[in-house]
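Chain residues, written in single-letter form:
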Amino acid sequence: MRKNSMLQKSGVKSVGNFSTRFSLPSFVKRVMKLTDSQKVAISRTGFGNLLLIPTQTLSKNLLDELMQRWDYEKRAFVFPPGEITISLLDIALILGLRGTGNPVILREDTPFLDLEREYGVGLWNRKITVASLEKRLDSLGDSNNDDFVRSFLLYMFGTFLFPNTNGKIDSRYVYLLRDIDQVNNFAWGTAVLADVFHWLYKRKKEKVQYVGGCLIFLQIWCFEHIDIAGPRLMNCRFKFPRVCNWQSTKSHHRGWFTTKFKELETNQIIWSLELTCDESNTDIIKELIETEKRLTWPDMNQRSSVDTSSHIDHTVTHGFQSMVHLTVDLQTESESESNRVAYGMQNLSSDEFSLRETVSRSSVCHYLGTEKELTGRPETSGADVAIVISSDDDWEDDLKMKSLTLEEQIVQLNNKIGELTRENKILKTQLSSSLKFEEQNKKLNDEVENLRQKNQELNLSTNCLVSRLGKIVFDGTTNTLEDESIENNL
């Protein structure tokens, strides 16, 4: 059997020289089954823009060729005219996902909820299969309650936003989705961007065969920033999010893309996307702009000037690129199926700003590690640093969340203590009953022994009686014979 056939049977789709479980058609097909009330319920969580995405075909050769130009040390795509990376503004414009808010963190000590058990998850294996989520959604029918919304979001994570190697989604997402009314407060766009950076690193550095992440975002990003092989726009008027504006791309062979990228010129790169009036008035875009202003990054609105007369390397340093420092701690499967605890998008170089300077700014910075690890850390890859920057109110929100987490853990411990107490009582009752049974059994055994002895005595008495009767009968027979003999003689 050929390798491609095996990949198709296992549910892994082959894309160019790599494989993936990303499936936009499956997601769009599921969206088409939604009722209007279900779409409204999902939109309240902040993912409503994703319901507008049309079916598009992944350009196999384009994505593979683009990933080959990723520099994991610079965390940018390197082209002849210069370097350009992916920003939170790109995520917000292309997918319509929020880039600010509470960080998306899946910790090893995330409390195990009874809610997870409803998805067939155990504490020893906190994974939910996409297949089981499909069945669950089918069984829920037209329901638009919290159970439906939670199940749909998990399905969306596993097929569209955070697909991994095994067709499963980490059940610790359920902890973040436990309160549907609070889901909109998380920076899901930041989480998606971190996941994309992670898989770019894995593909280029470790040359993994499997590539996860939201690949349609990466493709649309290329259409928006690189003027080669881009398909026609669907309408003259831009829609939001921008992923809805593009038609499926034309198919080209790998060598065609290789040549186009090598011959790329400065005027073919859009270094920073320009906002339309409608986009500027969108809440998630305004949040990014306001956050950028509060952070007051150094040289945030400057980038290298373009010199068309000579070759100049361009490294985009626009403010939204600096906001790439916003990172999340995600749990996603690596090629070896081992858990990765944290990864980031950018290093904080000493000439930009130090950790203390970052903490002193208006936003709160959380480093997932020790201070020694940060200050003594050398230049590392894009998958090594784990820093989360949240908005002004996030520190208080984090304390509240930690407090709620502790309270939930206390409640769970109390419940476990109650269960153990009940089990202890049951065991005591069973032990007491067992002792009573043993006493009754002993009495019964004694009675059986007495009966056995009496039976033996009766047997002896019976034997004696039979012997005596036999003797009497024998003696009587002898006397009768003697009398008959005397009579005959006479």
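Because the structure is predicted, anything quoted here is derived from the model rather than measured. (Residues numbered from 1 in each chain as written. Predicted model: local features only at pLDDT ≥ 70, side-chain atom pairs only at ≥ 80, totals over all residues. Heavy atoms only, no water.)

**Q** What is the right way to look at the pattern of salt bridges in this model?
**A** If charged atoms from side chains of opposite charge come close, those side chains can pair. In this structure the tally under the stated criterion is 18 salt bridges. For E65, the salt bridge identified is with R254, shortest N-O distance 2.3 Å. Of the two residues, E65 is situated in helix α4 (residues 60-68) and R254 in helix α12 (residues 254-262); the sequence distance between them amounts to 189 residues. Relative accessible area serves as the criterion here: at 5%, E65 is assigned to the buried category. (Salt bridge = Lys/Arg side-chain N within 4 Å of Asp/Glu carboxyl O. Helix = DSSP H or I, 4+ residues; strand = E, 2+ residues; numbered from the N terminus. Buried < 20%, exposed > 50% of the residue type's maximum accessible area, 1.4 Å probe, protein only.)

**Q** Can you walk me through the packing of helix α2 (residues 24-32) against helix α8 (residues 146-161) in this structure?
**A** The axes of two packed helices give the description: the angle between them and the distance between them. Remark: α2 packs on α8, axes separated minimally by 9 Å, with the N-to-C direction vectors making an angle of 155 degrees. Relative to α8, the element α2 lies roughly antiparallel. Viewed along their axes, α2 and α8 form a crossing whose handedness is left-handed. Only F152, Y155, M156, T159 and F160 of α8 make contact with α2, whose side of the interface consists of L24, S26, F27, R30 and V31. Per-class residue counts for the contact of α2 with α8 are seven nonpolar, two polar and one charged. (Axes fitted to C-alpha atoms, helices over the stretch in contact; angles between N-to-C directions. Parallel < 35°, antiparallel > 145°, perpendicular 65-115°, else oblique. Left-handed = near helix turned anticlockwise from the far one by under 90°. Contact = heavy atoms within 4.5 Å. Nonpolar A, V, L, I, M, F, W, Y, C, P; charged D, E, K, R; others polar.)

**Q** I would appreciate a short explanation of the packing of helix α5 (residues 88-95) against helix α11 (residues 215-225) in the present structure.
**A** Between α5 and α11, the least distance of the axes is 10 Å, while the angle of their chain directions is 100 degrees. In terms of orientation, α5 lies roughly perpendicular with respect to α11. Contact residues: D90, I91, I94 and L95 in α5; F217, I220, W221, E224 and H225 in α11.

**Q** What's the story with helix α3 (residues 36-47) in this structure? I'm lost.
**A** Structural remark: α-helix, 3.6 residues per turn; residues separated by three or four positions point the same way. Taking 1.5 Å per residue, twelve residues should reach 16 Å; α3 reaches only 15 Å between its end C-alpha atoms and comes up short. Residues Q38, A41, I42, T45 and F47 constitute the buried set of α3. The buried residues of α3 occupy an angular sector of 115 degrees when projected down its axis, which confines them to one face. In α3, the exposed positions angled more than 90 degrees off the buried face are occupied by D36 and R44. Elements that come into contact with the buried residues of α3 comprise α8 and α10 (188-205). (Expected span 1.5 Å × (residues − 1). Arc of directions from axis to C-beta.)

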